[in-house]
2 protein chains.
Amino acid sequence: MAITIRDVAKRAGVAPSTVSRVIADNPSISEKTKNKVRAVMKEMNYFPNIYAQGLASAHSKTFGLVLPLATDAFYQNPFFPTVLRGINFEMAKHDYSILLSVGLDDDQRQKHIEKIVNGKQVEGLIFLYASKNDPLLRFAQKVNCPAVVIGSPDNTKVHFVDNDNELIGYQATKSLIQQGCTRIAYVGGDMNQFFIADRHNGYKRALEGAGIIYDPSLIYNDINFLPSDGYELAQNKIDFSQIDGLVISDELVAEGIRNYLDTQDIQDVHLITFSAYRQGNTQSMIKTSYVNLNSHIIGSRAVDILFEALDPDQASTRFIHEYVDADLHTT
Amino acid sequence: MAITIRDVAKRAGVAPSTVSRVIADNPSISEKTKNKVRAVMKEMNYFPNIYAQGLASAHSKTFGLVLPLATDAFYQNPFFPTVLRGINFEMAKHDYSILLSVGLDDDQRQKHIEKIVNGKQVEGLIFLYASKNDPLLRFAQKVNCPAVVIGSPDNTKVHFVDNDNELIGYQATKSLIQQGCTRIAYVGGDMNQFFIADRHNGYKRALEGAGIIYDPSLIYNDINFLPSDGYELAQNKIDFSQIDGLVISDELVAEGIRNYLDTQDIQDVHLITFSAYRQGNTQSMIKTSYVNLNSHIIGSRAVDILFEALDPDQASTRFIHEYVDADLHTT
DNA sequence: ATGAAAGCGCTAACAT
DNA sequence: ATGTTAGCGCTTTCAT
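Since we're looking at a predicted model, the values are computed, not measured.

### Structural notes on the protein's contact with DNA strand C
Turning to step 1, where the next piece is worked out: In the region of DNA strand C, 25 residues are neighbours, and Ile5 and Tyr46 of chain A together with Thr18, Arg21 and Thr33 of chain B sit closest.
Turning to step 2, where the next piece is worked out: By atom count, sugar and phosphate contribute 69% of the portion of DNA strand C lying within 4 Å of the protein.
Turning to step 3, where the next piece is worked out: Interatomic distance of 2.8 Å between a backbone N/O atom of Ala15 of chain B and a phosphate oxygen of DNA strand C.
Turning to step 4, where the next piece is worked out: No other element matches helix α4 (residues 50-57) of chain A, which puts four residues into the surface near DNA strand C.
Turning to step 5, where the next piece is worked out: Counted by class, the surface near DNA strand C contains eleven nonpolar, twelve polar and two charged residues.

### Some points on the interface of chain A and chain B
Turning to step 1, where the next piece is worked out: In this complex, chain A contributes 59 residues to the contact, which on the side of chain B involves 60 residues.
Turning to step 2, where the next piece is worked out: Taken over both partners, the interface formed by chain A and chain B buries close to 5400 Å², and the fraction arising from carbon and sulfur atoms is 62%.
Turning to step 3, where the next piece is worked out: Across the contact surface, chain A and chain B share two salt bridges.
Turning to step 4, where the next piece is worked out: Linking chain A with chain B are ten residue pairs in polar contact (both at pLDDT 80 or more), by the criterion used here.
Turning to step 5, where the next piece is worked out: Here strand β2 (residues 97-100) of chain A pairs with strand β2 (residues 97-100) of chain B via three bridges, running antiparallel. Looking at the pairing, Leu100 of chain A lines up with Ile98 of chain B of β2 of chain B.

### Some points on the sheet that holds strand β5 (residues 159-163) of chain B
Turning to step 1, where the next piece is worked out: The sheet built from twelve strands is open, its strands ordered β11(A)-β5(A)-β4(A)-β3(A)-β1(A)-β2(A)-β2(B)-β1(B)-β3(B)-β4(B)-β5(B)-β11(B) with mixed pairing. Each having just a single partner strand, β11 (321-324) of chain A together with β11 (321-324) of chain B make up the two edges of the open sheet. For this sheet, the mean angle separating the axes of adjacent strands, direction not counted, is 25°.
Turning to step 2, where the next piece is worked out: Sheet topology places strand β3 (residues 124-127) of chain B next to strand β4 (residues 147-150) of chain B; three bridges connect them, and they run parallel. Bridge pairing in β4 of chain B places Leu125 of chain B opposite Ala147 of chain B.
Turning to step 3, where the next piece is worked out: In this fold helix α5 (residues 79-94) of chain A packs onto β1 (62-66), β2, β3 (124-127) and β4 (147-150) of chain A together with β2 of chain B, with an angle of close to 140° to the strand it touches most, β2 of chain A.
Turning to step 4, where the next piece is worked out: Each of β1 (62-66), β3 and β4 of chain B touches helix α7 (residues 135-142) of chain B; the most contacted strand, β3 of chain B, lies at about 160° to it.

### As for the relation of the copies chain A and chain B
Turning to step 1, where the next piece is worked out: Rotating chain A by 180° about the axis while translating it 0.0 Å along that axis superimposes it on chain B, leaving an RMSD of 0.1 Å. Seen this way, the second copy is the image of the first under a two-fold rotation axis.
Turning to step 2, where the next piece is worked out: By residue overlap, the copies meet face to face through one surface: 100% of the interface positions of chain A are interface positions in chain B.

### Overview of the environment of Phe160 of chain A
Turning to step 1, where the next piece is worked out: Among the structural elements, Phe160 of chain A can be located in strand β5 (residues 159-163).
Turning to step 2, where the next piece is worked out: A sequence separation of ten residues divides Phe160 of chain A from Ile150 of chain A, and the C-alpha atoms of the two residues are 5.7 Å apart.

### Quick notes on the side chain of Asp229 of chain B
Residue and element names in this part refer to chain B.
Turning to step 1, where the next piece is worked out: Its place among the elements puts Asp229 in helix α10 (residues 227-236).
Turning to step 2, where the next piece is worked out: Look at Asp229: it is buried, it has no salt bridge, and the nearest opposite charge is Lys237 at 9.5 Å.
Turning to step 3, where the next piece is worked out: If near-sequence neighbours (up to four positions away) are discounted, Asp229 is found in contact with Ile223 and Asn224.

### Details of unusual backbone geometry
Residue and element names in this part refer to chain A.
Turning to step 1, where the next piece is worked out: Look at Asn45: it is not a glycine, yet its phi comes out positive at around 55°.
Turning to step 2, where the next piece is worked out: Counting through the fold element by element, Asn45 comes out in the loop between α3 (31-44) and α4.
Turning to step 3, where the next piece is worked out: Residue Asn45 is classed as partly exposed on the basis of its relative accessible area, which comes to 47%.
Turning to step 4, where the next piece is worked out: Phi angles above zero are rare outside glycine, and Asn133 is one such case at about 55°.
Turning to step 5, where the next piece is worked out: Structurally, the position occupied by Asn133 is in the loop between β3 and α7 (135-142).

### Quick word on the packing of helix α8 (residues 165-178) of chain B against helix α9 (residues 194-209) of chain B
Residues and elements named next belong to chain B.
Turning to step 1, where the next piece is worked out: The N-to-C vectors of α8 and α9 enclose an angle of 40°; their axes lie 6 Å apart at closest approach. Classified by the interaxial angle, the pair formed by α8 and α9 is oblique. Two packed elements cross with a definite hand, and for α8 against α9 that hand is right-handed. On the side of α8, the interface is formed by Asn165, Glu166, Leu167, Ile168, Gly169, Tyr170, Thr173, Lys174 and Ile177, while α9 contributes Phe195, Asp198, Arg199, Asn201, Gly202, Tyr203, Arg205, Ala206 and Leu207.
Turning to step 2, where the next piece is worked out: Among the residues making up the contact of α8 with α9, the classes are represented as eight nonpolar, five polar and five charged.

### Concerning the UniProt feature "domain: HTH lacI-type" (unreviewed entry) in chain A
Turning to step 1, where the next piece is worked out: UniProt feature "domain: HTH lacI-type" (unreviewed entry): in the numbering of this structure it lies at residues 3-57 of chain A.
Turning to step 2, where the next piece is worked out: Within the segment residues 3-57 of chain A, helix and strand shares are 69% and 0% respectively, and the terminal C-alpha atoms sit 20 Å apart.

### Overview of helix α4 (residues 50-57) of chain B
Each α-helix winds once per 3.6 residues, and so residues spaced three or four apart point in a common direction.
Turning to step 1, where the next piece is worked out: Of the positions making up α4 of chain B, those classed as buried are Ile50, Tyr51 and Gly54 of chain B. Taken around the axis of α4 of chain B, the buried residues stretch over an arc of 100°, which confines them to a single face.
Turning to step 2, where the next piece is worked out: Against the buried residues of α4 of chain B lie α4, β1 and α6 (106-118) of chain A.
Turning to step 3, where the next piece is worked out: N-capping of α4 of chain B is provided by Asn49 of chain B, with a side-chain oxygen placed 2.8 Å from the backbone N of Tyr51 of chain B.
Turning to step 4, where the next piece is worked out: Ala58 of chain B occupies a position one or two residues after α4 of chain B and carries a positive phi of about 60°.

### With respect to the packing of aromatic side chains
Turning to step 1, where the next piece is worked out: All chains considered together, the criterion is met by 23 aromatic pairs over all chains.
Turning to step 2, where the next piece is worked out: Each ring, one from Tyr51 of chain A and one from Tyr51 of chain B, has its centre 4.1 Å from the other, and the planes form 20°; the classification is stacked. You can see Tyr51 of chain A sitting in helix α4 and its partner Tyr51 of chain B sitting in helix α4, one on each of two chains.
Turning to step 3, where the next piece is worked out: Among the residues examined, Tyr51 of chain B registers a relative accessible area of 2% and is labelled buried.
Turning to step 4, where the next piece is worked out: Look at Tyr186 of chain B and Tyr203 of chain B: their rings are 5.2 Å apart centre to centre, the planes differ by 35°, and that puts the pair in the tilted class. Taken together, the residues Tyr186 of chain B in strand β6 (residues 184-187) and Tyr203 of chain B in helix α9 connect sequence positions 17 residues apart. Note on accessibility: Tyr186 of chain B and Tyr203 of chain B belong to one class, buried.
Turning to step 5, where the next piece is worked out: An aromatic cluster is present here, built from Tyr231, Phe240 and Tyr260 of chain A together with Tyr231, Phe240 and Tyr260 of chain B joined pairwise through their rings.

Thresholds applied
- Residues numbered from 1 in each chain as written.
- Chains lettered and ligands numbered in written order.
- Predicted model: local features only at pLDDT ≥ 70, side-chain atom pairs only at ≥ 80, totals over all residues.
- Heavy atoms only, no water.
- Near = heavy atom within 4 Å.
- Polar contact = N/O pair within 3.5 Å; in protein donor to acceptor, adjacent residues only side chain to side chain.
- Helix = DSSP H or I, 4+ residues; strand = E, 2+ residues; numbered from the N terminus.
- Nonpolar A, V, L, I, M, F, W, Y, C, P; charged D, E, K, R; others polar.
- Contact = heavy atoms within 4.5 Å.
- Buried area = accessible area lost by both parts, 1.4 Å probe.
- Salt bridge = Lys/Arg side-chain N within 4 Å of Asp/Glu carboxyl O.
- Pairing = 2+ DSSP bridges.
- Axes fitted to C-alpha atoms, helices over the stretch in contact; angles between N-to-C directions.
- Least-squares fit on C-alpha atoms with pLDDT ≥ 70 in both.
- Buried < 20%, exposed > 50% of the residue type's maximum accessible area, 1.4 Å probe, protein only.
- Lys, Arg positive; Asp, Glu negative; His and termini not counted.
- Parallel < 35°, antiparallel > 145°, perpendicular 65-115°, else oblique.
- Left-handed = near helix turned anticlockwise from the far one by under 90°.
- UniProt positions renumbered as here; feature names shortened; annotations may be inferred.
- Arc of directions from axis to C-beta.
- Phe/Tyr/Trp six-rings, centres within 6.5 Å; stacked < 30°, edge-to-face > 60°.

And the structure:
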């Protein structure tokens, strides 16, 4: 058997509860006692049994992280590790752990979530995606499990954190307009994804604000989120003689498009895209501006919101919808 | 308070221990009793408290997953979600959970691992990367925590699963030779990473076996693992008039190179690369063969090996080094 | 095949 | 400021 709180207490000449209070850094324990107990803990290489703590305190100090299905191209996007870094950062600060939701299909995933939520292994859930009519999210709401979504779900009765996609679509487009562009195309993606639709709406509003007519033939939504997709789109679909600016929703797609333009020596088109973080290492002939999405902040805010939601002071039913600021970088 | 095993027992007219046995599907309980108890569990929406189970049984049914630092380009590689899928699959089968290792630097990560290992929150660790002289791996060994590395670490006293990188480097190169190539370049990466060095060695051996002289000027190792890196390499460094074949260690890099070749209408060069899984959606002018690494199997084998390592029957000290078969696909 | 009872290692009143 | 004590909800001998 491993070494327990009683062993430490005995050796330190105090009661187990005192050791427990030292672990929790309870202010009612004198510094002197704390130091003595801590010395003994170190000396004996004592570590509290997390499951015993969890059982006794009814706090698992763990959040569940719900990922999209592993086949999703999502994982290849810098957004994922960036937001994960933000979550890590905040969780580490609070000394909380992250439990991954396991499962290869919705049914498996739901069973697992059910188990860890009802089994009190997690105190809350972070959804790392927002999809339409998500059964897992519905489940979390049904069992009244605190949850926060990263992205904008089709469900306002839930906490979520996201960029203001309409706004950044607007700002990005406006920035191109201010640089003198008048024929601006938009490369989006699946319009069922809200952030795509929202950025598109912002794009549209910016055009209207500048008195530029919205031309549906300049909208490219039939595309996935990989560089090769952008490359092929640029090669086969886009007529660059017709445009002088391009708003690109996905940064990997933008990379593919930029690659294509470089080879063709097309230089008279402005690009703007949205970036989870700045790599800064791509030298290109093309003028590429970007909107920094500060995705790591999205991650850390999501964690904070979950802590707020856990707070028992918050008797009332309310939902936090938070938008993280993005900042524009023009070149 | 939530509903407990006693509540179920009372309602089912049995002892708590009987309910516990039903949960564990203990064969000494009659089918009749099992059915009755299960019905009551369902009726009362009972879920066992995982922390209470863990405390009483001394089994957390959880493995820790140690990821590389979140800034790593690793996350953008299809390898990551693919191997994660394999891990998921196997863990779900065994009804185990995955706890993520939290922390933004080695020190934080080590503290966290120390806590979850000594605190009995995890029964073993899966390292999702292999780096030289890894302090976290050393730590796991020091505290005698069962661990398995995905990749080939510089440490043979540990379990690991990987592809046989020397062999697949050899096979890939040989395949080009059989297709008639004689001037074959190799695009690798950081030679400090063992899989890069190993694939390179296989490449070298294949050349020697065919009587082709190894030409250091055809080796490109100064490159990162993103499509843009491949693109730039192809554009600025590689003289395609000098070669007729190209072995490319990383599939994203290969994508970038292929993009470049497509734009230049260079078609008289064979490409071969290594792929975590087959996307199959890239139509290119270039002949691209690939070695399917079956990375999802690497993930599931890693989990199985950890279970083996946990098995108390294995009194002896031994280390499993397992190589997952890759298969060659030529076009 | 099932029940009774003793913990697992910790926290949290309640004392003092 | 610290000790005493009674659980937290489950598993697991040991009985029968």
